[in-house]
Amino acid sequence: LVSGNNSGSAHCMGPGLRGNETMFVTPQHSPGKCPVKGNSEDATAHVETNETKEFISSPLTFHSNDESGSVVMFGGVDSSYYTGSLNWVPVSVEGYWQITVDSITMNGEAIACADGCQAIVDTGTSLLSGPTSPIANIQSYIGASENSDGEMVVSCSAISSLPDIVFTINGNQYPVPASAYILQEDQSCTSGFEGMNIPTSYGELWILGDVFIRQYFTVFDRANNQVGLAPVA
């Protein structure tokens with residue numbers, strides 16, 4: 001996984017991608033150097049800077065044989081991981097990979113973000129997060145209810161009949177099907193939406209986490225301050 005902060009010129013990686021471990025990318029260290037664990041407290045690892053690497057591309061892909069996996073590429077884009085062309089979305093506010101969302105609809109009707117809103121594309125967030133009020137509307141729409149453990153559960157039989165939720169971004173539509181936003185484990189199904197109020201001067205803030213990124217190959221272009229999106233292959 002790749003974190004969502006694009007400020008600074010050097011990015012450092014934490015634990016490797018083994019099992020359920022997470023890779024972190026952070027700008028908090030000096031350009032070209034990152035502290036690493038080793039025999040010496042002064043050990044450093046060289047990383048690429050803006051001068052040599054323009055892209056961080058992070059597709060999270062799920063294969064047809066139901067084996068889940070992810071791929072992180074630095075310095076370029078492999079078109080075999082997506083279909084069609086990449087649509088480029090400018091970063092609206094520097095600091096995170098923040099973009100403008102035109103609207104969020106279900107069955108052709110605005111269910112949130114009717115007048116536009118801001119969103120962060122973030123692989124460090126598992127679900128689709130948004131302000132509590134519109135998220136409550138979405139939970140009601142898909143028939144989710146809270147169980148005794150505080151989870152928002154949904155009938156698994158509803159997956160086949162529920163509509164896509166469509167994020168319109170920079171004039172392009174990005175549908176996320178019910179099979180993606182409802183998380184199924186064994187015979188239990190839970191909602192892939194969560195309410196989270198993040199106060200900003202830009203109004204309501206959404207986070208497009210793994211539920212979204214599993215559907216769309218995502219490229220983080222530091223050199224041009226833009227995010228590329230295309231359907232996964």
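Residues numbered from 1 in each chain as written. Predicted model: local features only at pLDDT ≥ 70, side-chain atom pairs only at ≥ 80, totals over all residues. Heavy atoms only, no water.

Engineer: Sorry, what's going on with the sheet that holds strand E10 (residues 98-101) here?
Structural biologist: In any sheet, the strands associate via hydrogen bonds between backbone groups, in a parallel or an antiparallel arrangement. Pairing in this open sheet of five strands is mixed, and the strands run E10-E13-E22-E14-E21 from one edge to the other. In this open sheet, the two edge strands, each paired with only one partner strand, are E10 and strand E21 (193-195). Going across the sheet, the axis of each strand differs from the next one's by a mean of 25°, ignoring polarity. Contacts from helix H1 (residues 132-141) reach strand E14 (128-130), E21 and strand E22 (205-208), with the element oriented near 145° to E21. (Pairing = 2+ DSSP bridges. Helix = DSSP H or I, 4+ residues; strand = E, 2+ residues; numbered from the N terminus. Axes fitted to C-alpha atoms, helices over the stretch in contact; angles between N-to-C directions. Contact = heavy atoms within 4.5 Å.)

Engineer: Explain the nonpolar core here, please?
Structural biologist: Generally speaking, a soluble globular protein has its nonpolar side chains buried in company with each other. Ile 104, Ile 165, Phe 167, Ile 169, Val 176, Tyr 181 and Phe 212 are the most contacted members of the largest nonpolar core, which totals 43 residues. Leaving out residues up to four positions away in the same chain, Ile 104 has contacts with Glu 109, Ala 110, Ile 111, Ala 112, Cys 113, Ile 165, Val 166, Phe 167 and Trp 206. Of all hydrophobic cores here, the second largest spans six residues; its members include Met 73, Leu 86, Val 219 and Ala 230. (Core = buried A, V, L, I, M, F, W, Y, C linked by side-chain atoms within 4.5 Å. Buried < 20%, exposed > 50% of the residue type's maximum accessible area, 1.4 Å probe, protein only.)

Engineer: Whenever I open this one, the packing of aromatic side chains confuses me. Can you help?
Structural biologist: Here a ring pair, both rings aromatic, is described through the centre-centre distance and the interplanar angle of the planes. Across all of its chains, the model carries seven aromatic pairs by this definition. Plain terms: the ring middles of Tyr 82 and Phe 217 are 5.0 Å apart, the flat faces sit at 45° to each other, and that makes the pair tilted. Highlighted residues: Tyr 82 in the loop between strand E8 (73-74) and strand E9 (87-90) and Phe 217 in strand E23 (residues 216-221), separated in sequence by 135 residues. Accessibility expressed as a relative area gives 14% for Tyr 82, which makes it buried. Every member of this aromatic cluster is reached through a ring pair, and the members are Phe 167, Tyr 174, Phe 212 and Tyr 216. (Phe/Tyr/Trp six-rings, centres within 6.5 Å; stacked < 30°, edge-to-face > 60°.)

Engineer: Would you mind showing me how to read the sheet that holds strand E17 (residues 165-169) here?
Structural biologist: Read from one edge to the other, the open sheet built from four strands follows the order E12-E11-E17-E18, with strand pairing classed as antiparallel. Both edges of this open sheet fall to strand E12 (109-112) and strand E18 (172-176), since each of them pairs with a single strand only. Direction aside, the axes of adjacent strands within the sheet are offset by 40° on average. The sheet contact formed by E17 and E18 spans five bridges and is antiparallel.

Engineer: It is not clear to me how unusual backbone geometry should be interpreted in this structure. Could you clarify?
Structural biologist: Note on backbone geometry: most residues besides glycine have negative phi, and most peptide bonds are trans. Even without being glycine, Asn 107 reaches a positive phi, approximately 55°. Of note, the phi angle at Cys 113 is positive, near 60°, even though the residue is not glycine. Structurally, the position occupied by Cys 113 is in the loop between E12 and strand E13 (117-121).

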